[in-house]
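Residue-level structural notes
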Amino acid sequence: MTKFLSIGQAAKQKTPIRRNAKILKTKSKSKFFNFVMMTIIGVMFFGYLVQVNSLATKGYQIKALQGKVTDLKQQQDDLQLQALSLQSMGAVQDKVNSLKMVDAGKSDYLVEKPVAVAR
Amino acid sequence: MPNISVKKANNNSVVSDKRILIFFGIIVLFAAAVMIRLFALQILEHPFYSVMASERQEVLKSLFPDRGSIYTAEKGGLYPLVTNRDYYLIYAVPSAVDNPGKVVDALAPILELSEADWQELLTRLSKKDDPYEPIKHKITKADKEKIEALNLAGIGFTTETYRFYPEKQIGGQIFGFVSTNDDKKVGQYGLEGYFNTELSGKTGLLKSFKDALGSLITVGSRSIQPAQNGSNLVLTIDRTIQFNACKDLKKYYDRFKADSASIIVMEPTGAILAMCNFPDFDPENYREVQDISYFNNPAISATYEPGSVFKMITMAAGLDTAVITPNTTYIDTGEVKVAGYTIRNFDKKARGEQTMIQALDESLNTGMIFIEQKLGLENFRTYVKNFGFGQKTGITLANEVSGNVSSLDKAGDIYGMTASFGQGVSVTPLQLASAYAAVANKGVLTKPYIVSEVIQLNGDKIETKPTPVRQVISPRTASTLSGMLASVVQTSYDKKASVKGYYLAGKTGTAQIPGSNGGYSSKTNHTIAGFGPIANPRFVIVARLENPKGIGYAADSVTPLFSQLAQYLLNYYQIPPDY
């Protein structure tokens, strides 16, 4: 009886150690898991912040580029309008006068006459 | 002894617990107060703060479309006769202006301010509680850059778009102008008025959020309804012909100091190549026009008694109904008496036996009365209306009028007789051009048109093709009549309208202008209408001078104008001579 008791006692002693070891192992695993999760969350949060901030700053860059596009478009419009003014009939007439060009006068026309060939 | 110390220790811990509890209670109360306040702000007063936030952050902006341009088609592509140009509005924020006097002194030479303007601007810029004062519209880019270089505090610029006309003095009345009503651009008169809806496009809408600096937040929610730019118009107007027609007309308008002048050049199938009037106006500076009647286009909206140019209609009707032939004769006694009135030839002469060719050559009123009497009033009225008189042509320009031939509906011979030589009826220059074009077009009346294409935003084109209205006279009649009209130009009073080497058809008219008290005044309208070359007509010309001074007859005033322009067109189209 004592023998069994002592074995029983020994077993009891042994069991808490194994259980504790298991518990310890589980605890450390979950600690690691938590750490990994927190790291992932941290990285994603940081990434989100970077992305949103980048988008917001891109908005300002877009606005600046749009301003440049508007300026260039305006320059192009101005040049086109200048070209139109130079091509206007009034401007051409002034050039004609300044170059002292004269009217062509009477034109002679070469008219194709039908040719008939007799056999 | 140990009992006392334990008791003390217990008392101390009880007191300490109570303090913690009290402190905790205070924190709880404070937290509760904050939560209640938050609840009140975020839940109970949410609508109020939501509206306040949207007023500050929300951007609701109208997106204004570009107004469509008006082009003419040329070999190299489309040339804009009317387009848009950006100018600037200079404004001041008086509350930010440090030294109004200095600012006004700096702006005055650039903006060309008068003494009165200078004083008025100084007064406006001195109002320190004023957030905004517009200074001047339509500032050029060059002036804007000069002002920006001065670095004046409180001065800013806004872009404004105005209409721009690269060609000056070639048809303000065709284009009309664009005015601003309640910040909305509205086309008035001419093409701008007629096609206002097509040219305007549709306003868009932008709904977004802005940050504290007023910039749009890219990551914020946004709703855009884009603006739809206006459609573009392509005209049948030939820029070169228009320029020359206007130049030639101006010369004669100035030379004879006419009250007004009009000229139309069109193709026999209806396309308007040129249309010009004087007095004219500059659509870019329409506000400077003193007399608003200048905005109307007399070529389509001024009616007048045409006189002898109308004899072509009478002759056409007579030939087409075969009541006369070119060689039919009658006896010209120089006058016809009817209903107590005496109608005479223009020179009051009697010529004896005359053919119809001679009646037209000599422009005999008695000859036209002879034809009208043979036709009968009803037939004559039918031909007059079939030629398009008394009704609008339907050209796509604002404010066209129909003229008046209602005298032909009245009983009494006098009305038909006077109408046969172009008095007692009123017509527009375009109706005359259209009628002569029908003769040039083998007797087919076509609808005159000035817009050949409407180009929509998506690139779709709505084209206008020549539209036949009706066969007014037979091709044979048209051919015979063309020959008779060529005889008028070659051999008779209208010789000055001829061009050597070419057969051109034409007829002048010198018509009295009705007086204000009934009857006729001593003033006259001088008109010429014609086309050529008659073998294959390429153009129709109608020119009119109202009350030219120092010259009696159209045969001397408008005929050289017709000849000059016809010569130009024959060269322009490289048409070889007929003989």
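Residues numbered from 1 in each chain as written. Chains lettered and ligands numbered in written order. Predicted model: local features only at pLDDT ≥ 70, side-chain atom pairs only at ≥ 80, totals over all residues. Heavy atoms only, no water.

**Considerations on the overall build of chain A**
Rules: By definition, any uninterrupted DSSP run of H or I lasting at least four residues is a helix, any uninterrupted run of E lasting at least two residues is a strand, and each is numbered from the N terminus. Relative accessible area decides the class of each residue, using a 1.4 Å probe on protein chains only: under 20% of the type maximum gives buried, over 50% gives exposed, and in between gives partly exposed. Shrake-Rupley sampling with a 1.4 Å probe provides the accessible areas, and residues are treated as covered by the protein chains on show and by no other component.
Counting its secondary structure elements, chain A contains two helices and zero strands. Counting all 119 residues of chain A, 6% fall into the buried class. Accessible surface, chain A: about 11,300 Å² in total, of which carbon and sulfur atoms supply 66%.

**Description of the environment of B:Phe195**
Note that B:Phe195 resides in the loop between α7 (190–194) and α8 (196–200). Classification of B:Phe195 as buried rests on a relative accessible area of 7%.

**Overview of helix α14 (residues 377–386) of chain B**
Residue and element names in this part refer to chain B. What counts, and what does not: The directions from the helix axis to the C-beta atoms form the arc being described. Contacts are assigned to residue pairs that have any heavy atoms within 4.5 Å of one another.
Among the residues of α14, those classed as buried are Phe380, Arg381, Tyr383 and Val384. Across the axial projection of α14, the buried residues extend over an arc of 165°, all falling on one side. Looking at the buried residues of α14, the elements they touch are α11 (311–320), α13 (365–375) and α15 (413–420). Once α14 ends, the next one or two residues include Gly388, with phi positive near 100°.

**So, the sheet that holds strand β21 (residues 505–514) of chain B**
The strands making up a sheet associate through hydrogen bonds between their backbones, and the pairing can be parallel or antiparallel. All names here are of chain B. Our working rule: Whether two strands pair depends on DSSP finding at least two bridges between them. Axes here mean lines fitted to C-alpha atoms, for a helix over just the part in contact, with angles spanning 0 to 180 degrees between N-to-C directions.
The five strands lie next to each other as β12-β11-β23-β22-β21, forming an open sheet whose pairing is antiparallel. Strands at the two margins of the open sheet, each flanked by one partner only, are β12 (272–278) and β21. For this sheet, the mean inter-axis angle between neighbouring strands, taken without regard to orientation, is 10°. Relative to β12, strand β11 (residues 260–266) runs antiparallel, the two being bridged by six bridges. From the neighbouring strand, Ile264 faces β12, where its bridge partner is Met275. This element, helix α17 (residues 475–491), spans β21 and β22 (520–532) of the sheet and lies at about 75° to β21.

**Points about the interface of chain A and chain B**
Note the threshold: Computed with a 1.4 Å rolling probe, the buried area is the accessible surface lost when two parts are put together, summed over both parts. The salt bridge criterion pairs a side-chain nitrogen of Lys or Arg with a carboxyl oxygen of Asp or Glu, the two atoms within 4 Å. Each polar contact in these results corresponds to two N or O atoms within 3.5 Å; when the atoms are within protein, one needs to be able to donate a hydrogen and the other to accept it, and residues that are neighboring in sequence are counted only if both atoms are side-chain atoms. When residue character is reported, Ala, Val, Leu, Ile, Met, Phe, Trp, Tyr, Cys and Pro are called nonpolar, Asp, Glu, Lys and Arg charged, and the others, Gly included, polar.
Counting residues at the interface gives 19 residues for chain A, matched by 27 residues for chain B. Contact with chain B buries surface across chain A, with A:Leu81, A:Met89 and A:Tyr109 losing the most and accounting together for 35% of the total. Counting the contacts that link chain A with chain B gives one salt bridge. Salt-bridge contacts for A:Asp78 lead to B:Lys141; the nearest nitrogen and oxygen are separated by 3.5 Å. Between chain A and chain B we count six residue pairs in polar contact (both at pLDDT 80 or more) in total. Counting residues per element, the ones that place at least two in the side of chain A that touches chain B are α1 (2–87) and α2 (89–98) of chain A. Looking at the side of chain A that touches chain B residue by residue, the class counts come to eight nonpolar, nine polar and two charged.

**A few points about the environment of B:Asn517**
Within the secondary structure, B:Asn517 is located in the loop between β21 and β22. In this structure, the C-alpha to C-alpha distance between B:Asn517 and B:Asp254, residues 263 residues apart in sequence, is 29 Å.

**Overview of the sheet that holds strand β1 (residues 58–63) of chain B**
Residue and element names in this part refer to chain B. Taking strand neighbours across the sheet as the criterion, the three strands line up as β1-β8-β9 in an open arrangement whose pairing is antiparallel. This sheet does not close on itself; its edge strands, each paired only once, are β1 and β9 (223–225). Within this sheet the neighbouring strands show an average axis-to-axis angle of 15°, counted without direction.

**Some words on unusual backbone geometry**
Residues and elements named next belong to chain B. Cis geometry is adopted by the peptide bond preceding Pro279, which originates at Phe278 and carries an omega value of 0°. Turning to its location among the elements, Pro279 is positioned in the loop between β12 and α10 (298–301). Cis peptide bonds are those with omega within 30 degrees of zero, and the linkage from Gly532 to Pro533 qualifies with -15°. Looking at the secondary structure, you find Pro533 in the loop between β22 and β23 (539–546). In this structure, Lys348 is a non-glycine residue whose phi angle is positive, near 60°. Mapped onto the fold, Lys348 is located in the loop between β15 (341–344) and β16 (352–355). Positive phi is not limited to glycine here, since Asn547 has a value of about 55°. Within the element layout of this structure, Asn547 appears in the loop between β23 and α18 (554–557). On the basis of relative accessible area, Asn547 is assigned to the buried category, the value being 10%.

**As for α15(B)**
All names here are of chain B. Burial runs high along α15: six of the eight residues are buried. Considered for burial, the residues of α15 that qualify are Ile414, Gly416, Met417, Thr418, Ala419 and Ser420. Structurally, α15 contributes buried residues whose contacts are with α11, β14 (335–338), β15, α13 and α14. Immediately downstream of α15, the backbone of Gly422 shows phi near 85°, a positive value.

**Remarks on the domain arrangement of chain B**
Residues and elements named next belong to chain B. Where we set the bar: Residue ranges assigned to the domains are those given by an automatic or database domain assignment.
Entries for chain B in the domain assignment read domain 1 (62–166 + 196–230) and domain 2 (239–572). Here the C-alpha centre of domain 2 lies 48 Å away from the C-alpha centre of domain 1. Of the residues lining the interface, twelve residues belong to domain 1; the matching set on domain 2 comes to five residues. Taking both partners together, domain 1 and domain 2 bury about 790 Å²; carbon and sulfur atoms supply 54% of that area. Counting the surface domain 1 buries against domain 2, the share from its top three residues, Glu74, Lys138 and Tyr165, is 42%. In this structure, the connection of domain 1 to domain 2 is made through one salt bridge. Linking Arg239 and Glu74 is a salt bridge whose minimum nitrogen-to-oxygen distance equals 2.6 Å.

**Considerations on a nonpolar patch on the surface**
Going by this rule: Patches draw on residues past 30% relative accessible area with no salt bridge. Two like charges within 9 Å are joined, as are two nonpolar side chains (Val, Leu, Ile, Met, Phe, Trp, Tyr) within 5 Å.
Taken together, the side chains of A:Phe33, A:Met37, A:Met38, A:Ile40, A:Ile41 and A:Met44 define a hydrophobic patch exposed on the protein surface, amounting to about 620 Å² of accessible area. Structurally, A:Met44 is set in helix α1.

**Quick notes on the packing of α13(B) against α15(B)**
All names here are of chain B. Heads up, the condition is: Orientation labels follow simple angle bins: below 35 degrees gives roughly parallel, above 145 gives roughly antiparallel, 65 to 115 gives roughly perpendicular, and whatever is left gives oblique. Handedness of a helix crossing follows the sense of rotation of the near helix relative to the far helix, less than a right angle counterclockwise being left-handed and clockwise being right-handed.
Contact geometry for α13 and α15: axes closest at 8 Å, N-to-C directions at 130°. Relative to α15, α13 is oriented oblique. Crossing hand, α13 versus α15: right-handed. Across the interface between the two elements, Met368, Ile369, Glu372 and Gln373 from α13 touch Asp413, Gly416, Met417 and Ser420 from α15.

**What about the packing of aromatic side chains?**
All names here are of chain B. Heads up, the rule is: We call Phe, Tyr and Trp rings a pair once their centres come within 6.5 Å, taking the six-membered ring for Trp, and we label the pair stacked below 30 degrees between planes, edge-to-face above 60, and tilted otherwise. Counted as over-ring charges are cases with an Arg CZ or a Lys NZ within 6 Å of the ring centre that also lie within 35 degrees of the ring normal.
On inspection of all chains with the given rule, the structure shows 20 aromatic pairs over all chains. Summarising the aromatic geometry, the rings of Tyr87 and Tyr162 are spaced 5.7 Å apart at their centres and angled 80° between planes, so their arrangement reads as edge-to-face. Taken as a pair, Tyr87 in strand β3 (residues 77–92) and Tyr162 in strand β5 (residues 155–164) lie far apart in primary sequence, 75 residues in all. Residue classification places Tyr87 among the buried positions, given a relative accessible area of 8%. For Tyr162, a relative accessible area of 23% corresponds to the partly exposed category. For Lys144, the ring lying beneath its charged end belongs to Tyr88, and the centroid distance is 4.7 Å. Here the basic side chain of Arg544 rests over the ring of Tyr304, its NZ or CZ set 4.1 Å away from the ring centre.

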